[in-house]
Protein chains: 2
Amino acid sequence: MTLEEARAALMKLQQRQSAYRHAMDLIWYDGDTVAPKGTAANRAQSLAILSEEAYHLSTGAETVALLEFLDERKPELNPRERRMVELLLKDVRRLQKIPLDEYSAHERLIVEAGDVWERAKAASDFAAFQPYLERLFADAKRFAGYCAPEKDPYDYWLNEFEEGLDRARCDEFFATLRAHVVPLLAKVQEKEQLSNAMLLGHFPAADQERLARRLMALIGLDLEHVGLATTEHPFTASLGSHFDERITTHYYEDYLASSLYSVIHEGGHALYDTNSADDLAYTVLDGGVSMGVHESQSRFFENLLGRSRPFCEYLFPILEEIFPEQMAGHTAEELYRAVNRAEPGLIRTEADELTYPLHIMVRYELEKRVMAGELSVSELPGEWNRLYREYLGVEVPDDAHGVLQDIHWSGGDIGYFPSYAFGGAYGAQLLRRMRETVDVDAALRAGNFAPINRWLREHLWRHGCLYKPAELFERAAGEKFDPTAFTTYLEEKFGELYGIEQETFL
Amino acid sequence: MTLEEARAALMKLQQRQSAYRHAMDLIWYDGDTVAPKGTAANRAQSLAILSEEAYHLSTGAETVALLEFLDERKPELNPRERRMVELLLKDVRRLQKIPLDEYSAHERLIVEAGDVWERAKAASDFAAFQPYLERLFADAKRFAGYCAPEKDPYDYWLNEFEEGLDRARCDEFFATLRAHVVPLLAKVQEKEQLSNAMLLGHFPAADQERLARRLMALIGLDLEHVGLATTEHPFTASLGSHFDERITTHYYEDYLASSLYSVIHEGGHALYDTNSADDLAYTVLDGGVSMGVHESQSRFFENLLGRSRPFCEYLFPILEEIFPEQMAGHTAEELYRAVNRAEPGLIRTEADELTYPLHIMVRYELEKRVMAGELSVSELPGEWNRLYREYLGVEVPDDAHGVLQDIHWSGGDIGYFPSYAFGGAYGAQLLRRMRETVDVDAALRAGNFAPINRWLREHLWRHGCLYKPAELFERAAGEKFDPTAFTTYLEEKFGELYGIEQETFL
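Residues numbered from 1 in each chain as written. Chains lettered and ligands numbered in written order. Predicted model: local features only at pLDDT ≥ 70, side-chain atom pairs only at ≥ 80, totals over all residues. Heavy atoms only, no water.

K.L.:
Would you mind showing me how to read the interface of chain A and chain B here?
P.N.:
Taken together, the contact between chain A and chain B spans 40 residues of the former and 40 residues of the latter. Of the roughly 3000 Å² buried where chain A meets chain B, counting both sides, 54% is carbon and sulfur surface. On the chain A side of the contact with chain B, P36(A), N42(A) and E224(A) bury the most area, a combined 17% of that side's loss. Between chain A and chain B we count six salt bridges in total. A salt bridge links R246(A) to D30(B), with the nearest nitrogen and oxygen atoms 2.6 Å apart. One can count 19 residue pairs in polar contact (both at pLDDT 80 or more) joining chain A with chain B. Elements with a contribution of two residues or more to the side of chain A that touches chain B: α1 (3–33), α2 (40–59), β1 (226–230) and β3 (241–249) of chain A. Here the side of chain A that touches chain B gets eleven residues from one element, more than from any other, and that element is α1(A). Partitioning the side of chain A that touches chain B into residue classes produces 17 nonpolar, eleven polar and twelve charged. (Contact = heavy atoms within 4.5 Å. Buried area = accessible area lost by both parts, 1.4 Å probe. Salt bridge = Lys/Arg side-chain N within 4 Å of Asp/Glu carboxyl O. Polar contact = N/O pair within 3.5 Å; in protein donor to acceptor, adjacent residues only side chain to side chain. Helix = DSSP H or I, 4+ residues; strand = E, 2+ residues; numbered from the N terminus. Nonpolar A, V, L, I, M, F, W, Y, C, P; charged D, E, K, R; others polar.)

K.L.:
I keep staring at unusual backbone geometry and nothing clicks. Help me out?
P.N.:
In most cases, non-glycine residues show a negative phi, while peptide bonds are predominantly trans. Residues and elements named next belong to chain A. One non-glycine residue, S124, lies in positive phi territory at about 50 degrees. Along the chain, S124 falls in the loop between α5 (100–123) and α6 (126–147). The residue Y282 is not glycine, and still its phi comes out positive at about 65 degrees. Here Y282 is to be found in the loop between α10 (256–274) and α11 (291–305). Taking relative accessible area as the criterion, Y282 reaches 13% and is therefore assigned buried. (Buried < 20%, exposed > 50% of the residue type's maximum accessible area, 1.4 Å probe, protein only.)

K.L.:
Quick question: what am I supposed to make of the sheet that holds strand β1 (residues 226–230) of chain B here?
P.N.:
By definition, the strands of a sheet pair up through backbone hydrogen bonds, in either a parallel or an antiparallel sense. All names here are of chain B. The sheet built from three strands is open, its strands ordered β1-β3-β2 with mixed pairing. Only two strands of the sheet have a single partner each, and these edge strands are β1 and β2 (236–239). Each neighbouring strand pair of the sheet contributes to a mean axis angle of 25 degrees, computed without reference to strand direction. Of the pairings in the sheet, the one linking β1 to strand β3 (residues 241–249) comprises five bridges and is parallel in character. Bridged to A229 within β3 is T248. (Pairing = 2+ DSSP bridges. Axes fitted to C-alpha atoms, helices over the stretch in contact; angles between N-to-C directions.)

Structure representation (structure tokens):
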């Protein structure tokens with residue numbers, strides 16, 4: 001094999017892997033969106049087989065020989081090729097350690113668990129989901145043991161979702177957050193609550209869908225390549241490459257803000273994915289680099305941009321146009337205050353910026369303890385409810401509004417949640433940096449996302465997975481991660497909104 | 001390899017093939033239903049690769065050795081296994097003859113052609129579609145040459161869609177049909193036309209969708225396993241196995257009958273597929289055996305049952321319930337007459353039972369001549385229009401209502417259309433046979449499809465692909481194919497509807 005042949009084979013390998021990924025992700029997407037309700041076992045059958053086929057492709061002797069051949073010639077490769085080989089070899093090493101039968105059984109399990117979770121959530125029936133969740137945690141522990149026996153299993157998964165993350169970094173980060181958020185929230189609660197009455201009422205789903213498509217175009221998504229569907233739990237998926245992206249939302253007809261901000265949130269994910277450099281398509285470098293950076297983009301659009309005063313000034317007339325009766329007598333400033341009402345609640349995805357990290361901390365605590373064997377899965381609902389009482393001061397009425405609310409665990413994504421909180425915190429530093437060269441407020445006030453997206457494309461999006469998350473972030477932010485940028489942002493924003501003296505935070 | 005090991009490997013092979021089929025069919029389904037408009041090239045990329053992977057699986061040395069091993073031990077296999085080996089080997093022999101690069105280029109072509117066709121139809125722009133159609137016909141001829149060099153290429157494809165079919169049988173069948181249908185239609189046109197005014201008006205898509213789901217349940221579909229979506233052109237797809245079936249429809253808000261009967265038509269396909277014996281799932285024997293038998297079921301439900309007087313008696317009160325204003329002052333008998341209005345028109349899928357075969361004959365003539373090199377693709381629009389004038393007496397205003405109306409050619413399905421006409425004709429014999437033991441009219445009048453479906457399940461559906469189409473049909477009908485059963489049915493039905501003396505047909 002010559003180097004040129006190996007280079008071509010490297011691209012072909014990734015194209016094949018992308019096709020399998022397309023197939024499997026689409027089977028998932030279909031199941032979450034339009035598939036008839038009784039078809040989960042059929043999907044599980046196909047996914048188990050396709051994941052086996054993809055496993056053989058990724059770990060086969062021919063693939064390993066190719067990657068090792070290229071790995072030995074690293075100096076002759078360009079930076080992209082080097083990173084491809086590095087990521088592919090990492091994947092091979094991981095897959096080689098997991099027995100094939102366990103790997104495909106796990107693929108089957110997560111389809112079935114997703115189906116059971118959906119029904120269990122609808123019926124608020126944790127007992128129905130518990131045996132699946134037990135198997136999912138068991139798989140997470142066992143797979144971590146196979147892949148990194150020297151590591152704590154939870155540390156292994158934290159690092160999988162966000163390279164460089166472990167419990168020590170999480171503990172430190174969450175301690176900083178708590179030290180700022182808890183007293184700030186206490187001050188907020190002493191004040192008169194902001195009214196969100198204008199967001200409550202009747203907002204027909206069809207009108208919300210019109211708004212959703214308008215928002216998608218407004219923030220800069222290419223609707224020829226980004227689709228919208230409705231699901232129980234909003235998410236974003238790339239199908240095959242960044243040329244086909246889907247976001248989903250859920251319309252609550254009695255509450256406008258939910259779909260509105262979920263569309264902007266998922267839209268942020270989709271902007272990140274679809275703005276990978278086009279020649280990264282069908283390679284492992286295509287799309288977002290990590291869950292943390294991904295969440296930094298989605299939460300950046302949702303909160304730092306979408307819940308800002310200048311954006312609300314632009315958004316309000318659009319809402320007036322689509323919902324003239326519901327908006328009558330209200331103002332943009334009222335909208336700004338309504339979408340920033342900070343109130344401890346039960347549901348993570350509905351949480352405001354201030355209380356959101358507390359929801360993550362609950363999940364982090366619970367995952368950490370179950371993974372360490374300090375807590376059994378059967379004890380999760382009780383502990384969930386206890387921590388919501390302790391951290392957020394709310395009583396969980398049933399498991400549908402408690403431990404069953406999130407889709408993640410049903411998909412085996414244990415160790416994912418902390419990346420949401422890190423992502424949220426990354427955004428504050430990125431915004432600070434962006435403001436040095438972009439008049440962000442003026443752009444938002446004009447509904448002109450072009451200069452914002454240009455900055456993000458230049459510094460983050462186009463690179464795909466070329467750099468490690470921390471390196472990418474530091475290149476864009478111009479400094480190391482510093483959670484106080486985020487806590488300062490919260491203190492300033494909510495201090496102003498609730499009329500709290502800044503000194504009280506010192 | 002022991003025989004038992006080979007048997008297990010045979011099942012595993014088919015499961016793997018089913019998973020690839022699931023993936024590819026779902027990518028198609030997604031493209032036709034919800035995918036963003038700009039994503040066809042991305043699907044083409046994945047389909048080309050997945051079809052290559054499936055090709056390697058189906059033609060690989062290991063597979064061929066397995067099938068030949070089993071083929072040599074036929075006497076020791078059960079009938080199902082024998083048929084599996086026969087069908088799989090036939091597929092291998094065919095695939096081995098098509099060069100892989102041409103095979104996967106064709107897969108890519110049909111995705112792109114489907115996309116171009118949709119846009120060309122919308123713009124009534126045949127010139128945009130012509131180069132693709134030329135390549136599709138060229139592929140059809142070349143592939144037929146590879147697979148059966150001794151055969152006429154069009155005969156090859158006719159036989160692929162319906163085992164046993166060739167031009168001679170088609171010519172004879174269509175001559176019989178013409179001899180009966182043309183004079184009958186002439187008599188009908190001398191009479192006063194039946195009114196379909198009650199089907200025209202405003203029928204909101206959302207209400208039609210409610211009706212569609214009700215009809216699906218009514219005819220016996222299991223909605224836990226059969227989904228409904230909207231597309232430009234209605235179709236039915238099995239995804240992975242008969243446990244996940246999808247039908248699609250298109251709502252015209254100004255015309256009720258279109259979606260109503262397309263749902264019953266596609267519902268017939270779905271009933272056939274989903275009633276394969278469950279232990280045929282994930283084998284090549286799962287689902288309908290041929291296009292002809294498939295169309296016999298869809299057209300059976302659409303026309304022989306769905307457009308019958310007793311079914312209209314049951315259906316009318318449902319329409320009254322969903323469309324009270326539009327149905328006010330009308331009767332079930334008027335509905336029966338409205339849905340059986342026989343009138344030469346432009347659009348095949350909107351055609352009545354009587355003129356439908358004429359639409360097929362146009363397509364058959366044209367395919368036959370293009371495949372024989374007697375007609376160029378560029379001449380198709382002109383010849384299409386000329387034949388519509390000759391056979392149906394209508395003027396084609398533009399290609400969207402002419403040569404561009406059907407999806408089939410864009411998918412490379414050349415030789416498919418005749419199976420519609422044969423399927424329609426099969427149904428009349430099946431109904432005659434069914435009436436010997438089932439009181440079909442009483443069942444329809446009561447909206448009770450159970451005894452009808454029980455008969456079809458017993459005699460047709462459960463067998464999947466176990467028997468060849470002709471054998472399956474003859475077992476069910478209790479006699480050989482006889483097109484006069486169909487022409488007699490038409491003469492009796494339309495004779496009565498239009499008050500034509502029966503003797504005039506002698």
